[in-house]
Amino acid sequence: WFMGQYLEHLPAARDYITAIFSVDVEYARCRRNPPEANDAPWEKYREYELRYYRLADYVLTVTETDRQVLLGDGLDPARVRVSPIGLPAAWDPAR
């Protein structure tokens with residue numbers, strides 16, 4: 001489901017950056033549309049996701065809306081970027 005847990009095992013001093021590509025801010029989606037009663041509440045998802053987002057050097061979101069959710073939960077704006085999936089409507093594959 002979420003692979004951020006591998007960030008805990010990386011050395012503090014490294015010669016590369018880490019990034020999490022967040023296709024969906026799960027806890028925000030669960031807050032809007034709660035899962036079945038026996039699933040973990042969105043607060044647990046939130047705690048889990050934010051823990052690993054904070055370990056990454058960068059977090060890439062698909063939408064500005066998701067970016068704003070993460071910024072509202074205290075992530076550093078300089079480390080949260082939008083990287084949309086898809087191509088601009090004006091994109092011409094012949095070029």
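Structure's up top.
Trainee: For the pairing of strand 2 (residues 58–61), give the residues involved together with the corresponding values.
Mentor: In the case of a regular strand, side chains alternate between the two sheet surfaces. Burial along strand 2 is one-sided: the residues V59 and T61 are buried and none of Y58 and L60 is. Here strand 1 (residues 19–22) runs beside strand 2; their pairing, made up of four bridges, is parallel. Within the sheet, the bridge partner assigned to F21 lies in strand 2 and is L60. Bridge count between strand 2 and strand 3 (residues 80–82): three bridges; the pairing is parallel. Looking across to strand 3, one finds that T61 is bridged to V82. For the handedness criterion, the β-α-β arrangement of strand 2, helix 3 (residues 64–72) and strand 3 is classed as right-handed.

Trainee: Help me get a handle on helix 3, residues and values and all.
Mentor: Three- or four-residue spacings in an α-helix give side chains the same orientation, since the helix completes a turn every 3.6 residues. Among the residues making up helix 3, those that are buried are D66, R67, V69 and L70. On an axial view of helix 3, the arc spanned by its buried residues comes to 160°, and they lie on one face. Those residues of helix 3 that are exposed and angled more than 90 degrees off the buried face are T65 and G72. Against helix 1 (26–32), helix 2 (42–55), strand 2 and strand 3 lie the buried residues of helix 3. Just downstream of helix 3, G74 is the residue with a positive phi angle, here 95°.

Trainee: Before we move on, can you summarise the packing of aromatic side chains with the specific residues and values?
Mentor: Applying the stated criterion to the full structure yields one aromatic pair. Judged by centre distance (5.1 Å) and plane angle (75°), the ring pair of Y48 and Y52 falls under edge-to-face. Note that Y48 and Y52 are positioned in helix 2 at a spacing of four residues, about one turn of the helix.

Trainee: Break down helix 2 for me, with residues and values.
Mentor: Counted at 1.5 Å a residue, the expected span for helix 2 with its 14 residues is 20 Å, and the 20 Å between its end C-alpha atoms agrees. Regarding helix 2, the residues found buried are Y45, E49, L50, Y52 and Y53.

Trainee: Which residues make up the nonpolar core, and what are the values?
Mentor: One recurring pattern in soluble globular proteins is that nonpolar side chains are buried together. With 16 residues, the main nonpolar core has Y27, Y53, L70 and L75 as its most contacted residues. Elements represented by at least two residues in this core include exactly helix 1, helix 2 and helix 3. Beyond its immediate stretch of four places on either side in the chain, L70 contacts V25, Y27, L50, Y53, V59, T61, L75 and V80.

Trainee: Tell me what's going on with the pattern of salt bridges, and back it up with residues and numbers.
Mentor: Following the criterion strictly, the structure yields two salt bridges and no others. The partner of R46 in a salt bridge is D73, with the nearest N and O atoms 3.0 Å apart. Linking R46 in helix 2 with D73 in the loop between helix 3 and strand 3, this pair joins segments that are 27 residues apart in sequence. Among the residues examined, D73 registers a relative accessible area of 16% and is labelled buried.

Criteria and cut-off values
Residues numbered from 1 in each chain as written. Predicted model: local features only at pLDDT ≥ 70, side-chain atom pairs only at ≥ 80, totals over all residues. Heavy atoms only, no water. Buried < 20%, exposed > 50% of the residue type's maximum accessible area, 1.4 Å probe, protein only. Helix = DSSP H or I, 4+ residues; strand = E, 2+ residues; numbered from the N terminus. Pairing = 2+ DSSP bridges. Right-handed = clockwise from strand over helix to strand, strands pointing away. Arc of directions from axis to C-beta. Contact = heavy atoms within 4.5 Å. Phe/Tyr/Trp six-rings, centres within 6.5 Å; stacked < 30°, edge-to-face > 60°. Expected span 1.5 Å × (residues − 1). Core = buried A, V, L, I, M, F, W, Y, C linked by side-chain atoms within 4.5 Å. Salt bridge = Lys/Arg side-chain N within 4 Å of Asp/Glu carboxyl O.

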